[in-house]
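Descriptive analysis of the structure
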Amino acid sequence: MQTNFLSQQFNISSLAENSTACPANATICGGASCVLLEDNFNQTLSVVLSTVLTIMLALVMFSMGCNVELKNFLGHVKRPWGIFVGFLCQFGIMPLTAFLLSLAFNILPIQAVVVLIMGCCPGGTASNVIAYWVDGDMDLSISMTTCSTLLAMGMMPLCLFIYTKIWTESDAIVLPYDSIGISLVALVIPVSFGIFVNHKWPSKAKIILKIGSIVGAVLIVLIAVVGGILYKGSWIISPKLWIIGTIFPAAGYSLGFFLARIAGLSWHRCRTVSLETGMQNTQLCSTIVQLSFTPEQLELMFTFPLIYSIFQLLFAALILGGYRLYRRHRVKTKTDVEKTEQKEDSKSNGKINGGFVSDEMK
């Protein structure tokens, strides 16, 4: 309400004085176009929600750790073929896909840079929750997220240096190593506690896991809704970025799955690698964008991370729904086959041994 009041006051005074002066508290002034300070309500809401979401995320990762077997986790570290395949997908397929999409749609240089930043980001923690719901390899999922976040400190600058040279100087992009470090700590510590609980109290770990998986699903939806509320003023964006934001996560899921299958991984690990590839750390991308560009530049591409986040969650929901339908159909079919085999075995045994065969078996 304060922003609207100031805008109205400014318009009235402009008309009265026939002047192009901006209000004293405006951060940008371009003639009759002014950008005022962010509303205090939005700032307070952002801080409160960030705190709540951080606590919820820590609890979710703790619960995900309750599904990780220490022996299997260390097995992936000692024989890191699955992690290596995920590494190729994360820092090979995604940056290259971002580069090709930017060229194909011939978007503005500043927009191409934000697409590439998204492609170079490590995997997001939401992938661990979805991997659990699709019966993925949780040990591989957690280890991939941890390794990609750790390796991002070196791989992000390298990938951005290689792919952004034709659009901008790589030095112009500020990488928040502190944010990456915080993300790593927020991932490793809760998961470590979860692994410990699973090792000491397996029965309690299962209960925590079920609760955490539900909270995780709520958290994913909540993050999307919060993003829409906080950035509702930035939805006017190029249609090309909407199209790229739709294609990009779908390409990540698909290419990650096929590369994992070509590499000889099992089906449940293919699903895991697919989710780890397509689901990016969009919060980290938003942080890099805000640190690297001016407010005028942000108007052209600030909403892209949110667009990507929405569509990556949408496609993840479709994958989850498709898998659940497949699993339900498969279980029914498998049960019917087993019943038929049991009936045939009972009849044959009855004939061979001369035993009694009930009417239900006939």
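Residues numbered from 1 in each chain as written. Predicted model: local features only at pLDDT ≥ 70, side-chain atom pairs only at ≥ 80, totals over all residues. Heavy atoms only, no water.

Moving on: the packing of helix 6 (residues 126-133) against helix 7 (residues 138-163). Closest axis-to-axis distance for the helix 6/helix 7 pair is 10 Å, and the angle between their directions is 170 degrees. Relative to helix 7, the element helix 6 lies roughly antiparallel. Facing helix 6, whose interface residues are Ser127, Asn128, Ala131 and Tyr132, helix 7 presents Met138, Ser141, Ile142 and Thr145. (Axes fitted to C-alpha atoms, helices over the stretch in contact; angles between N-to-C directions. Helix = DSSP H or I, 4+ residues; strand = E, 2+ residues; numbered from the N terminus. Parallel < 35°, antiparallel > 145°, perpendicular 65-115°, else oblique. Contact = heavy atoms within 4.5 Å.)

Before going further, it helps to spend a moment on the packing of aromatic side chains. Scanning the model with the defined rule gives 10 aromatic pairs in all. Following the ring pairs from residue to residue traces out a cluster consisting of Phe257, Phe258 and Trp267. The ring of Trp267 carries the charged tip of Arg261 above its face, separated from the ring centre by 3.8 Å. (Phe/Tyr/Trp six-rings, centres within 6.5 Å; stacked < 30°, edge-to-face > 60°. Lys NZ or Arg CZ within 6 Å of the ring centre and 35° of its normal.)

It is worth spelling out helix 11 (residues 267-278) at this point. For helix 11, spanning 12 residues, the distance from its first C-alpha to its last is 17 Å, which sits close to the expected 16 Å at 1.5 Å a residue. The buried count for helix 11 comes to nine of 12 residues, which makes it a mostly enclosed element. Where helix 11 is concerned, the buried positions are Cys270, Arg271, Thr272, Val273, Ser274, Leu275, Glu276, Thr277 and Gly278. (Expected span 1.5 Å × (residues − 1). Buried < 20%, exposed > 50% of the residue type's maximum accessible area, 1.4 Å probe, protein only.)

A few words on the UniProt feature "transmembrane region" (unreviewed entry) in the chain. UniProt annotation of "transmembrane region" (unreviewed entry) refers to residues 45-63, 83-105, 112-134, 140-163, 175-195, 207-229, 241-263 and 306-326 when read in the numbering used here. As annotated, residues 140-163 comprises 100% helix and 0% strand, and the C-alpha atoms at either end are separated by 29 Å. (UniProt positions renumbered as here; feature names shortened; annotations may be inferred.)

With the rule as written, the count across this model stands at two salt bridges. The partner of Arg327 in a salt bridge is Asp135, and the shortest N-O contact between them spans 3.0 Å. You can see Arg327 sitting in helix 14 (residues 304-353) and its partner Asp135 sitting in the loop between helix 6 and helix 7, a full 192 residues away along the chain. Residue class for Arg327 comes out partly exposed when judged on its relative accessible area of 34%. On the basis of relative accessible area, Asp135 is assigned to the partly exposed category, the value being 28%. Across the salt bridge formed by Asp137 and Arg269, the nearest N and O atoms sit 2.8 Å from each other. Placement of Asp137 in the loop between helix 6 and helix 7 and of Arg269 in helix 11 is noted, with a sequence separation of 132 residues between them. Accessibility expressed as a relative area gives 30% for Arg269, which makes it partly exposed. (Salt bridge = Lys/Arg side-chain N within 4 Å of Asp/Glu carboxyl O.)

On the secondary structure map, Thr168 appears in the loop between helix 7 and helix 8 (177-200). For Thr168 and Ala112, which are 56 residues apart along the polypeptide, the C-alpha to C-alpha distance reads 9.7 Å.

Counting 41 residues, the largest nonpolar core has Val115, Ile117, Met156, Phe248, Val289 and Phe304 as its most contacted members. Elements represented by at least two residues in this core include exactly helix 4 (81-105), helix 5 (109-120), helix 7, helix 10 (239-262), helix 12 (282-292) and helix 14. Considering every element that reaches this core, the biggest residue donor is helix 5, with nine residues. Not counting residues up to four positions away in its chain, the partners in contact with Ile117 are Leu160, Ile173, Cys285, Ile288, Val289 and Phe293. Core analysis: the next-biggest nonpolar cluster, separate from the first, contains 25 residues, Met56, Met64, Tyr132 and Ala316 among them. (Core = buried A, V, L, I, M, F, W, Y, C linked by side-chain atoms within 4.5 Å.)

In this section: the side chain of Thr149. Tracing the sequence through the fold places Thr149 in helix 7. What makes Thr149 buried here is its relative accessible area of 4%. Looking at Thr149, its side chain comes within polar contact range of the main-chain oxygen of Thr145, at 2.8 Å. Not counting residues up to four positions away in its chain, the partners in contact with Thr149 are Pro122, Gly123, Ile180, Ser183, Leu184 and Leu187. (Polar contact = N/O pair within 3.5 Å; in protein donor to acceptor, adjacent residues only side chain to side chain.)

Further remarks concern the packing of helix 5 against helix 7. Interhelical geometry of helix 5 versus helix 7 gives an angle of 145 degrees and a closest axis separation of 10 Å. Considering how the two elements wind past one another, helix 5 and helix 7 form a crossing that is right-handed. Here helix 5 contributes Leu116, Ile117 and Cys120 to the contact with helix 7, which in turn contributes Met156, Cys159, Leu160 and Tyr163. Partitioning the contact of helix 5 with helix 7 into residue classes produces seven nonpolar, no polar and no charged. (Left-handed = near helix turned anticlockwise from the far one by under 90°. Nonpolar A, V, L, I, M, F, W, Y, C, P; charged D, E, K, R; others polar.)

A word on the confidence of the model for the chain. For the chain, the average pLDDT comes to 75, and 70% of its residues sit at 70 or higher. Scored below 50 in pLDDT, residues 1-23 makes 24 contacts in the model with residues more than four places away or belonging to other chains. A low-confidence stretch, residues 25-39 stays under pLDDT 50, and its non-local contacts, those more than four residues away or across chains, total 32 contacts. (pLDDT = per-residue confidence, 0-100.)

One non-glycine residue, Asn106, lies in positive phi territory at about 50 degrees. Here Asn106 falls in the exposed class, since its relative accessible area comes to 60%. Of note, Asp135 is a non-glycine position whose phi angle comes to about 55 degrees, a positive value.

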